[in-house]
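Architecture and fold: a report
Spelled out from the first residue to the last, the chains are:
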Amino acid sequence: MNSGILDLTAWSGGLAGGCYLIFSLRLLQAGYLKIPREASKLAILAAVALSALWGWTMLLQTLTQTLLLWLLTTLTDQLRYAAWFAFLLILLHANRPAKGLTGTSSLVIWAILLAAFGPLSLGLTMVGVRALGDPTRWILFSAMAMPVFALVLLEQVFRNATEDSRWNIKPLALGLAGAFLFDLYLFSQAVLFNRPDEDALSIRGGVHALMMPLLLLSSTRRSDWISKIQLSPKAAFHSATLLIAGIYLIFISGVGYYVRYFGGEWGRALQLGLVVFALIVLVVLALSGTMRAKLRLFLGKHFFRYRYDYREEWLKFTRALSAQSSPQELGQQVVRGLAEMVESPGGGLWLRVKGEPAFSQTATWNLTRVPDKEDLHSPMCEYLADGGKLLNLEEYRSFSRRYGSLKIPVWLQELPQAWLVVPLMVGDELIGLVVLASARTVFEVNWEVNDLLKTASQQAASYLAQMQATEALLEVRKFDAFNKMSAFVVHDLKNIVTQLSLMMKNAKRLSGNPEFQQDMLMTVENSLERMRQLMLQLREGATPPGKAFGVNLSAIVQRVQAVAAARGRTLEIQMIESVDARGHEERLERIIGHVVQNAFDATDLNGHVGLTLERAGGQARVVVTDTGQGMTQEFIRDRLFKPFQTTKQAGMGIGAYESFQYVQELGGKIDVQSEVNRGTTVTLLLPLFETQTQSDLHSMESA
């Protein structure tokens, strides 16, 4: 090692020693040794103090180049890692009931033993145990293992931190992650090339010193560092996966070294082939659903009181059910959600089809399609409906006596990989069932699994029942809309039939009159056009196609007067000026004609019916008055503008309702004033359609 590298190493160690010494004094000033002492404070104080000692010994060892100081530097490096292990383990342990230092003493002891593996192995090899190779290899392997384990613990601490405590622990996590990642890079490269990178090794102390401000910042935010850390099964799974991958890579590195060492000329090629093969195996295992299932099951059995993280399962299942909008997608998500709870790779959903007294398969996920149906009153359905009990087919095949006289249907016996039958209950009613395929690994269906599946299936059943009810409601609304449209069409057909009947009645008496013949042709042509419009309305909906546009109300009023005259009635009209309104000409003429016809129907032949058309307050106002029978205020308020309410013997009660709805659509208003035996006044207020008769340029010139 040249003098420049030695000087940089010395300065780097001195910088680390000075920075962590200042940090230690800051922690002592903050009362980290005061009574009552806290395990987390003692652990980080030890880690910081040992880091300072490590920096100073590195400085002295670089200046003196003595074996004793090299051993002391290595030992302090391992011990400070042990202190960091203890600190991170205490943070993970902090959510348990306080037991003083004894509650975490075992964790600290294990951390120290783990970190001291390097110096112990060095001592053994130095006294004569050299059969396994160069002692330096053991030091490098242990040095590479330390940051791997430290990163696993740090990841576990950060993943399980609550949202409000992550603000406090984030600088700590960043600082430690930076130091550990640098060490992992340094020592993994040393293992691969059998010697460390001198340049990287020379700045190691400086890199660790640069991370100290982040640790100091985190210590100033909260004295307890982090609170309420809970180790969830999900976090344990990820951490265990990372730990296994790290141990696996360390093992492969060791095997690769010996392959290269004993492989002769082919050593390097064999080492590279082994590394590539090992990485491929690692990826295959990581992507294997069976391996993940086995790991989850192992962690649930041996490290947790309960197998499931119920909060996580409930949130995941609810999100899956809420994200779907169609019955087909919802059914598949129900199957998938229940299957993932028990590590099942597939399943199918059976629901009742409308109008059939049986369950049919409506959704599948990685399961064979089954055309068979299951009767609602079959023995299996009655068993499932009795309290919503699960049916374990593996248990049924092995211990059928536990299920009494229950007979499994043939289609289910022949279904490959069929394992669990989960009932979908809404109250006491069985609305469907889910068949799950066999799990990826050996899976014990105990009371916890039964309770979880039963609760989740009830939630899924409520979603499915709601979806079915919504579909039924939409179907009813579609029929209601169609019936409403049909009622309007029938009402218009009735008016056309009335008009044609009147024409046929007069044809016997006036068939030879040329004027009547011409009027008859116009009536037939008008009726034909109206029926064409009705056909178009039936195809495209209740509202006529096209947008509302300007309609000459004066022309409509004159045509309504002519129709009344043809029927032998007189309509007195008062029009001051021509008025244009916004709307559809056909519908406005029908509405005004309907109001006028109602006035004639309620008025004797000697009575008076009049119509006034004028502009009023920026609106077109049509006022129809009569001296007929009149209506009560209760009828006007409660029945007049409601469908299928009428006082006529041959009426349908649709005309007034249609008039009211259409005028409301246009932004207008209908007002009715009536007295019994004195007459009625109906006022239609419609939006005006203003037309500009002069150009903008001419208007500006006039101004």
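Residues numbered from 1 in each chain as written. Predicted model: local features only at pLDDT ≥ 70, side-chain atom pairs only at ≥ 80, totals over all residues. Heavy atoms only, no water.

Extensive coverage of strand E2 (residues 358-365) is indicated by the burial of 7 of its 8 residues. Bridging between strand E1 (residues 347-352) and E2 involves 6 bridges; their strand directions are antiparallel. Directly across from Leu349, in E2, lies its bridge partner Ala363. Looking at chain direction, E2 and strand E3 (residues 374-375) are connected through 2 bridges and run antiparallel. Each residue of the ladder has a partner; that of Ala358, found in E3, is Asp375. (Buried < 20%, exposed > 50% of the residue type's maximum accessible area, 1.4 Å probe, protein only. Helix = DSSP H or I, 4+ residues; strand = E, 2+ residues; numbered from the N terminus. Pairing = 2+ DSSP bridges.)

Let us look at the pattern of salt bridges. As a working rule, side chains carrying opposite charge can pair if their charged atoms are close by. Enumeration according to the criterion identifies 11 salt bridges in this entry. With its nearest N and O atoms 3.0 Å apart, the salt bridge here joins Arg559 to Glu589. Taken as a pair, Arg559 in helix H20 (residues 553-566) and Glu589 in helix H21 (residues 585-602) lie far apart in primary sequence, 30 residues in all. Judged by its relative accessible area of 31%, Arg559 falls in the partly exposed class. Taking the shortest distance from any N to any O, the salt bridge between Glu586 and Arg590 comes out at 3.6 Å. One end of the pair, Glu586, and the other, Arg590, are both in helix H21, 4 residues apart, so they sit about a helical turn from each other. Note on Glu586: relative accessible area 29%, which makes it partly exposed. The class of Arg590 is buried, set by a relative accessible area of 11%. What emerges from the salt-bridge pattern is a single network uniting Asp77, Arg80, Asp183 and Arg204. (Salt bridge = Lys/Arg side-chain N within 4 Å of Asp/Glu carboxyl O.)

Moving on, we come to the environment of Ala602. Mapped onto the fold, Ala602 is located in helix H21. Setting aside residues up to four positions removed in sequence, Ala602 forms contacts with Gly628 and Gln629. (Contact = heavy atoms within 4.5 Å.)

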